[in-house]
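Each chain is listed here by its residues.
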Amino acid sequence: MLDLARRHTADPLFRLVAYALESTHDRPPATVWSAPHAFHLGSPHLVAAAGWPVAAAAAPRDDGLVRLSSLAHPAQSCELPLTGPPQPHPAWAARTYTLLRTMARAGYGRGGIDLHIHSTLTAATGLSSAEPLECAVALAVADLHARPHTGPARPRPPRGRVAALVRDAAPDGDDALRQAVLFARPGQALLLGGGHGGRRHVRLDPAECGARLMLLVTRGDSAGADDVRRAVACARRAGATADWWPGPQPERSGLVLLPYERLAAVRTAVAEEFRSRGLPVPRLVNITVAGAARREE
């Protein structure tokens, strides 16, 4: 039995989701997985993972039911069947429910599951939570399949198989981001296409060149692509040495590479630019180039 909730040396995020599963569903998790948010680096084929994870705590069932809960939606927990016609469910649970049903049809998690999820970033940052959430859930189900609470251990499905199941469940998702979530390495970006199984790791360590990778996030309900373009252009004028869009196009945020000695100057310049226009000042979020999804012990 995994007792992360009471392990004082464990990361607070994973203690929290473990405790939340236990308090919501009256049972401790059998596994807890984290999956990093991911981003593009100005290209559909160059991606990396960020040190801001999504967490999923899970415990197996044997009655064919799924009980889903989320720290972000405390009043919208739901209990749903894995087989038969899909039942009505809250919007936040739609992709997870579809994924669990897809995996059950493929032979993973047919008995059911109690699942609690939490993301460390909101949609306002401009980084998609869908892909890390799907991967964290799929890996948790695969883990429970490989280590059943009764009977012998079974082969663990490889991550390529997990990726294929997630793709089947959500073909509209960003498969490049999923590759980063599942196969990233700390301090490296992932170049997709060509040999090496379609993936090649390339060095991406801002600290090596005396810089930080930052996410420049616009604020306010009316913020849009023009605002983030303005913020990034201002950061470049103040000393940022590179910039990329984390998604296919500008939306709510941009990635900028900031030399240490220009951090304060960029913050000041962006703040003054937006205050002068009567707009909310964007915030800068530090991005660590992180590794792939993993089981939290």
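What you see as residue numbers is a count from 1 along each chain, following the sequence as written. Thresholds applied to this predicted model are a pLDDT of at least 70 for local features of residues and 80 or more for the giving and counting of side-chain atom pairs; totals over whole chains, interfaces and linings are not thresholded and use all residues. Side-chain metrics rest on all non-hydrogen atoms present in the structure, leaving aside hydrogens and water.

Regarding the overall build of the chain
- Scanning the chain from N- to C-terminus turns up seven helices and 13 strands.
- The globule rule puts the C-alpha radius of gyration for 297 residues at 19 Å, and the 20 Å found for the chain is close to it.
- For the chain, the proportion of its 297 residues judged to be buried stands at 49%.
- Under the convention used here, a 1.4 Å probe and the Shrake-Rupley method define accessible areas, while residue burial counts only the protein chains that appear. Summing over all exposed atoms, the chain offers an accessible surface of approximately 13,400 Å²; the carbon and sulfur share of this is 52%.
- Neither His nor the chain ends contribute to the count of charged residues, in which Lys and Arg are positive and Asp and Glu negative. For charged residues, the charge sits on one atom: NZ in Lys, CZ in Arg, CG in Asp, CD in Glu. Mean positive and mean negative side-chain charge positions of the chain (35 and 27 charges, respectively) differ by 3 Å. Labels follow the DSSP assignment, with helices taken as runs of H or I lasting at least four residues and strands as runs of E lasting at least two, numbered in each case from the N terminus. Radius of gyration means the value over C-alpha atoms here, while the globule rule gives 2.2 Å times the residue count to the 0.38 power. Accessible area is worked out with a 1.4 Å probe on protein chains only. A residue is then buried under 20% of its type maximum, exposed over 50%, and partly exposed in between.

Here we look at the packing of helix α3 (residues 130–146) against helix α5 (residues 175–183)
- Only the stretch in contact is used when fitting a helix axis, every axis being a line fitted to C-alpha atoms; angles between N-to-C directions are given from 0 to 180 degrees. Interhelical geometry of α3 versus α5 gives an angle of 50° and a closest axis separation of 9 Å. By the angle between their directions, the pair α3 and α5 is classed as oblique. Considering only the axes of α3 and α5, their crossing is right-handed. Where α3 abuts α5, its residues Glu-131, Pro-132, Glu-134, Cys-135 and Leu-139 lie against Leu-177, Arg-178, Val-181 and Leu-182.
- For the contact of α3 with α5, a count of residues per class yields six nonpolar, no polar and three charged. Angular relationships are summarised with four words: roughly parallel below 35 degrees, roughly antiparallel beyond 145, roughly perpendicular across 65 to 115, and oblique for the angles in between. Crossings are classed by handedness, with left-handed meaning an anticlockwise turn of the near helix from the far one by less than a right angle and right-handed meaning a clockwise turn. In what follows, a contact means two residues having at least one pair of non-hydrogen atoms within 4.5 Å. Residues are grouped as follows: Ala, Val, Leu, Ile, Met, Phe, Trp, Tyr, Cys and Pro are nonpolar; Asp, Glu, Lys and Arg are charged; every other residue, Gly included, is polar.

Points about the nonpolar core
- Counting 47 residues, the largest nonpolar core has Leu-68, Leu-100, Ile-113, Leu-115 and Val-137 as its most contacted members.
- It is α3 that provides the largest number of residues to this core, a total of 10 residues.
- Those residues in contact with Ile-113, other than ones at most four positions away along the chain, are Ala-58, Ala-59, Arg-61, Leu-65, Val-66, Arg-67, Leu-100, Val-141 and Leu-144.
- Core analysis: the next-biggest nonpolar cluster, separate from the first, contains 17 residues, Leu-216, Val-228, Ala-240 and Leu-263 among them. Here, the term nonpolar core denotes a set of buried Ala, Val, Leu, Ile, Met, Phe, Trp, Tyr and Cys residues that are joined through side-chain atoms within 4.5 Å.

Structural notes on the pairing of strand β6 (residues 188–192)
- Where burial is concerned, most of β6 is hidden: four out of the five residues are buried.
- DSSP bridges decide pairing: two strands pair if at least two such bridges lie between them. Pairing of β6 with strand β7 (residues 199–203) involves five bridges; the strand directions are antiparallel. Within the sheet, the bridge partner assigned to Leu-190 lies in β7 and is His-201.

Regarding the pattern of salt bridges
- Any carboxyl oxygen of Asp or Glu within 4 Å of a side-chain nitrogen of Lys or Arg constitutes a salt bridge here. For the structure shown, the criterion picks out 21 salt bridges.
- We note a salt bridge from Arg-295 to Asp-143, for which the minimum N-O separation is 2.7 Å. With Arg-295 in strand β13 (residues 294–295) and Asp-143 in helix α3, the pair connects residues that are 152 residues apart, well separated along the chain.
- For Asp-143, a relative accessible area of 0% gives the class buried.
- The salt bridge involving Asp-227 is made with Arg-230; its shortest N-O contact spans 3.5 Å. Of this pair, Asp-227 and Arg-230 both sit in helix α6 (residues 225–238), separated by three residues, roughly a single helical turn.
- Taking relative accessible area as the criterion, Asp-227 reaches 14% and is therefore assigned buried.
- By relative accessible area, Arg-230 is classed as partly exposed at 26%.

Describing the side chain of Ser-34
- Among the secondary structure elements, Ser-34 is positioned in strand β1 (residues 31–43).
- Exposure remark for Ser-34: the relative accessible area of 6% places this residue in the buried category.
- Two N or O atoms form a polar contact when they lie within 3.5 Å of each other; inside protein one atom must be a possible hydrogen donor and the other a possible acceptor, and for residues adjacent in sequence the pair counts only when both atoms belong to side chains. Within the local environment of Ser-34, its side chain forms a polar contact with the side chain of Glu-296, the two groups lying 2.6 Å apart.
- For Ser-34, the residues in contact, after removing those within four places along its chain, are Phe-14, Pro-53, Val-54, Ala-55, Ala-293, Arg-294 and Glu-296.

Considering unusual backbone geometry
- Notably, Asp-26 is not glycine yet its phi reads approximately 65°, a positive angle.
- Among the structural elements, Asp-26 can be located in the loop between α1 (12–25) and β1.

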